[in-house]
Amino acid sequence: MDLQKTKIYLDKLNREYARMVKDPENVMRLDIDIMASYVRELYDAINSDDPKPVVKHEAPAIKKAPAPAPAPIPEPEPTPPPAPVRPTPPPPVVMEEPPSPAPPKEEPSKSQTPPPASSPKSVQTPPGMEVLFEEKEAKELSEKLSELPIPDLKKAIALNDRLLLTAELFSGDGKAFESAIGTINGLSSYEDAKGYLIENCVVRYAWTDKKRVETAKNFIKLVRRRFK
């Protein structure tokens, strides 16, 4: 049992539970998934085995064999006289021809120049909406779990969360909420979805209002996960 990890995950579970008890009506499916991940980590920490002590075995002493007697040194053989050195003739003079000039490079014609690659469409965030679309780097386990991709927004949002999003972000209009979810699911990138929300939802339903900012940020986070 890993006591240190067990205490860490017990503290995290207590903090999540205390936060959910303060506002039980706004508990989302994401909060439940985070609590479940902490429970699994706590279970693994409790069931982890303690490392077993390592038993050192001393190797038996090896007796060294006596060193062999040194071999007799042979007497040096007489050195033969050096052979006469003949003078080396000078190398022949080679006349080098100047290198021929390189042919001029042909400039590619305009018809052969490939067209520049089109850059991805980027949507500028209007002033006052930056807080809704800001993205922070996930560091904790709970934050990483909340950044997992979502293949379908309709299936990812639970019934209670649908009611909350419809009431706070779409003025209770269920058809508007379903239409927005269907449109976002059919888009091909997060930038397209961001542009759709700015043009059709943020200003129309006053998402920048202090009462709706946190709910709007959570919904936009789900939209961002749809295109990961």
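For the structure itself, consult the block above.
What you are looking at is a predicted structure, and each value in this text was computed from that prediction instead of being measured.

(A) View of the overall build of the chain. Counting its secondary structure elements, the chain contains 9 helices and 0 strands. For the chain, the sequential pattern of α-helices and β-strands runs α-α-α-α-α-α-α-α-α. Pairs at least 24 apart in sequence give 73% of the contacts found in the chain among residues at least 6 apart. Carbon and sulfur atoms provide 58% of the accessible area of the chain, an area that totals close to 18800 Å².

(B) Seen up close, the packing of aromatic side chains. Taken as a whole, this structure holds 5 aromatic pairs when the rule is applied. Relative to F219, the ring of F170 has its centre 6.3 Å away and its plane inclined at 90 degrees; by these criteria the two rings are edge-to-face. Taken together, the positions of F170 in the loop between helix 6 (159–169) and helix 7 (174–185) and F219 in helix 9 (residues 213–226) put the pair 49 residues apart, joining distant regions of the chain. The exposure classification of F170 matches that of F219, with both residues buried. Looking at K194, its charged tip hangs above the ring of F133, at a distance of 5.4 Å from the centre. Here the guanidinium or amino end of R226 rests over the ring plane of F227, the centre of that ring lying 5.1 Å away.

(C) Molecular detail of the nonpolar core. The biggest cluster of nonpolar side chains holds 30 residues, and the ones touching the most others in it are F170, L197, W207 and F219. Going through the elements one at a time, helix 3 (130–133), helix 6, helix 7, helix 8 (190–202) and helix 9 are the ones with two or more residues in this core. When residues in this core are grouped by element, the largest group, 7 residues, is from helix 8. In this view, W207 contacts L132, L169, F170, L197, C201, V202, R212, V213, A216, F219 and I220; residues no more than four positions away in its chain are not counted. Within the second largest apolar cluster, 7 residues are counted, among which are Y9, L13, I34 and Y38.

(D) Structural detail: the pattern of salt bridges. Applying the stated criterion across every chain yields a total of 7 salt bridges. One salt bridge in this structure joins R212 and D209, with 3.9 Å as the shortest N-O distance. Overall, the relative accessible area of 33% leaves D209 in the partly exposed class. A salt bridge links K217 to E214, with the nearest nitrogen and oxygen atoms 4.0 Å apart. Taken together, the residues span about one helical turn, with K217 and E214 both in helix 9 at a distance of 3 residues.

(E) Here's a closer look at unusual backbone geometry. We note that S171 has phi near 55 degrees; this positive angle belongs to a residue other than glycine. Looking at the element boundaries, S171 is found in the loop between helix 6 and helix 7. The exposed category is assigned to S171, whose relative accessible area is 59%. Phi is positive for A206, which is not a glycine, with a value near 55 degrees. Counting through the fold element by element, A206 comes out in the loop between helix 8 and helix 9.

(F) Seen up close, the packing of helix 6 against helix 9. Two elements in contact, helix 6 and helix 9, have axes separated by 10 Å at closest approach and are oriented at 125 degrees. The angle between the axes of helix 6 and helix 9 places the two elements in the oblique class. Crossing of helix 6 against helix 9: the hand is left-handed. On helix 9, the residues touching L165, E168 and L169 of helix 6 are T215, A216 and F219. Per-class residue counts for the contact of helix 6 with helix 9 are 4 nonpolar, 1 polar and 1 charged.

Cut-offs and rules
Residues numbered from 1 in each chain as written. Predicted model: local features only at pLDDT ≥ 70, side-chain atom pairs only at ≥ 80, totals over all residues. Heavy atoms only, no water. Helix = DSSP H or I, 4+ residues; strand = E, 2+ residues; numbered from the N terminus. Contact = heavy atoms within 4.5 Å. Areas by Shrake-Rupley, 256 points an atom, 1.4 Å probe, with all protein chains shown as cover. Phe/Tyr/Trp six-rings, centres within 6.5 Å; stacked < 30°, edge-to-face > 60°. Buried < 20%, exposed > 50% of the residue type's maximum accessible area, 1.4 Å probe, protein only. Lys NZ or Arg CZ within 6 Å of the ring centre and 35° of its normal. Core = buried A, V, L, I, M, F, W, Y, C linked by side-chain atoms within 4.5 Å. Salt bridge = Lys/Arg side-chain N within 4 Å of Asp/Glu carboxyl O. Axes fitted to C-alpha atoms, helices over the stretch in contact; angles between N-to-C directions. Parallel < 35°, antiparallel > 145°, perpendicular 65-115°, else oblique. Left-handed = near helix turned anticlockwise from the far one by under 90°. Nonpolar A, V, L, I, M, F, W, Y, C, P; charged D, E, K, R; others polar.

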